[in-house]
Amino acid sequence: MSSTTGTTTWIDLGSKGLDETKRFYSGLFGWTFESQGEEFGGYSIIRNGDDLVGGAMDITGMTCPQGGEIPARWDVYLTADDLDARLASAQQHGATLPMEPQQIGDAGRMGMLIDPTGAPINVWEPNELPGYDFTGKPGSPVWFELMTHQYDRAVEFYTAVFDAQMVPISEQMDDDSFRYSTNGTQDVATWGLGDATGVMPEEAAGWRIYLGVESCDAAAQKVVDLGGKLLDGPVDSPFGRIATVADPHGATFQISAMSEAVPEG
């Protein structure tokens, strides 16, 4: 997948027990995990059949640069044409950089930042690894979004730093006060930005990933059967039937059955 600056390009999972994590996601999606060896800290490439999904590694005992243990979580990456320039711009627009950029073999370079709203986001300058394979199939990433209590500030930041072109959503929402935009028109957008004020507590806001499933209800039950948790839903939407779930170590994600979309009204 070839991406332009600001488009989503990769996901990876920090796990608190990689063997159990592999069993869970293999059981849920049929994923396979290819270890890259000790040279890359035991990082594993995730595939959905032959298609690239992302990566995973065990972070047990690891701490973040600011101190404190890193929680199990999914991280999102945005593409950058020039990593150093985009990170410098991010700092100028209120972001902090918790670590120095890293060269990841011949695959590319990565950086991490905390945006001005407090949301972590990773940045990828590709070389031999352009990113995940966008297929829309069950078991693949189908959408990403940032939910934030500082909507206007987030729009300003991602527009200035990542060339985002935020387009307000056109569908009528149940709550007229809820604001949501996509980065580009909906036929080309890879992620959205939502105003989480009054929707979720601030500590629950941040970047979220959506993984495709054939049946949301069946997949939600399978999550529970495999040792995960159903946190919210399933609910109908114009974009698919959606549920929020967590894996056995607490990393949250959304599952979406796009074939079960229900037009509003």
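Here, every reference points to the structure presented above.
Keep in mind that this is a model prediction, so the values were computed, not measured.

## Some details on the sheet that holds strand E13 (residues 206-212)
Pairing in this open sheet of eight strands is mixed, and the strands run E10-E11-E12-E9-E13-E16-E15-E14 from one edge to the other. Looking at the sheet topology across the chains shown, the edges are occupied by strand E10 (166-168) and strand E14 (229-235). For this sheet, the mean inter-axis angle between neighbouring strands, taken without regard to orientation, is 25°. Sheet topology note: the strand E11 (residues 180-183)/strand E12 (residues 191-195) ladder contains three bridges and is antiparallel. Paired with Tyr-180 across the strands is Gly-194, a residue of E12. Helix H3 (residues 151-162) contacts strand E9 (141-148), E10, E11, E12 and E13 of the sheet and is inclined by roughly 155° relative to E12.

## Some thoughts on the sheet that holds strand E2 (residues 32-35)
Sheet architecture is open: eight strands sit in the order E2-E3-E4-E1-E5-E8-E7-E6, paired in mixed fashion. In the strand order of this sheet, the two ends are held by E2 and strand E6 (102-104), each with one partner. Neighbouring strand axes in the sheet, compared pairwise and without regard to direction, differ in orientation by 30° on average. Here strand E5 (residues 73-79) pairs with strand E8 (residues 120-126) via three bridges, running parallel. Each bridged residue has a counterpart across the sheet, and for Thr-79 the counterpart in E8 is Trp-124.

## Topic: the pattern of salt bridges
Across all of its chains, the model carries 13 salt bridges by this definition. The partner of Asp-51 in a salt bridge is Lys-137, and the shortest N-O contact between them spans 3.2 Å. In this pair, Asp-51 is assigned in strand E4 (residues 51-58) and Lys-137 in the loop between E8 and E9, connecting sequence segments 86 residues apart. With a relative accessible area of 16%, Asp-51 lands in the buried category. Exposure remark for Lys-137: the relative accessible area of 44% places this residue in the partly exposed category. The structure contains a network of salt bridges with shared partners spanning Asp-81, Arg-86 and Asp-163.

## Here's the deal with the pairing of E8
Examined bridge by bridge, strand E7 (residues 108-114) and E8 share seven bridges and lie antiparallel to one another. From the neighbouring strand, Arg-109 faces E8, where its bridge partner is Glu-125. In textbook terms, the turn of a hairpin is the stretch between consecutive antiparallel strands, and for E7 and E8 this stretch comprises five residues, one of which, Gly-118, has a positive phi near 95°.

## A closer look at the environment of Arg-23
In this structure, Arg-23 sits in helix H1 (residues 18-29). Residue Arg-23 is classed as exposed on the basis of its relative accessible area, which comes to 57%.

## A word on helix H4 (residues 216-225)
Those residues of H4 not exposed but buried are Cys-216, Ala-219, Ala-220 and Val-223. Taken end-on, H4 shows its buried residues confined to a sector of 105°, consistent with a single buried face. Buried-residue contacts for H4 involve H1, E14, strand E15 (241-246) and strand E16 (252-257). One or two residues past the end of H4 sits Gly-227, with phi positive at roughly 105°.

## Notes on the pairing of strand E1 (residues 8-15)
Here E1 lies mainly inside the structure; eight of its eight residues are buried. In this structure, E1 lies alongside E5, joined through six bridges in antiparallel fashion. Its bridge partner lying in E5, Ile-11 is registered against Val-76. Alignment of E1 against E4, held across four bridges, turns out to be parallel. The partner of Gly-14 across the bridge, within E4, is Met-57.

## Focus: the packing of H1 against H4
Where H1 contacts H4, the two axes come as close as 10 Å, and the packing angle between them is 155°. Relative to H4, H1 is oriented roughly antiparallel. Both H1 and H4 take part in a crossing whose hand is right-handed. Between H1 and H4, the contacting residues are Phe-24, Gly-27 and Leu-28 on the first element and Ala-219, Lys-222 and Val-223 on the second. Its residues assigned to classes, the contact of H1 with H4 comprises four nonpolar, one polar and one charged.

What counts as what
Residues numbered from 1 in each chain as written. Predicted model: local features only at pLDDT ≥ 70, side-chain atom pairs only at ≥ 80, totals over all residues. Heavy atoms only, no water. Pairing = 2+ DSSP bridges. Helix = DSSP H or I, 4+ residues; strand = E, 2+ residues; numbered from the N terminus. Axes fitted to C-alpha atoms, helices over the stretch in contact; angles between N-to-C directions. Contact = heavy atoms within 4.5 Å. Salt bridge = Lys/Arg side-chain N within 4 Å of Asp/Glu carboxyl O. Buried < 20%, exposed > 50% of the residue type's maximum accessible area, 1.4 Å probe, protein only. Arc of directions from axis to C-beta. Parallel < 35°, antiparallel > 145°, perpendicular 65-115°, else oblique. Left-handed = near helix turned anticlockwise from the far one by under 90°. Nonpolar A, V, L, I, M, F, W, Y, C, P; charged D, E, K, R; others polar.

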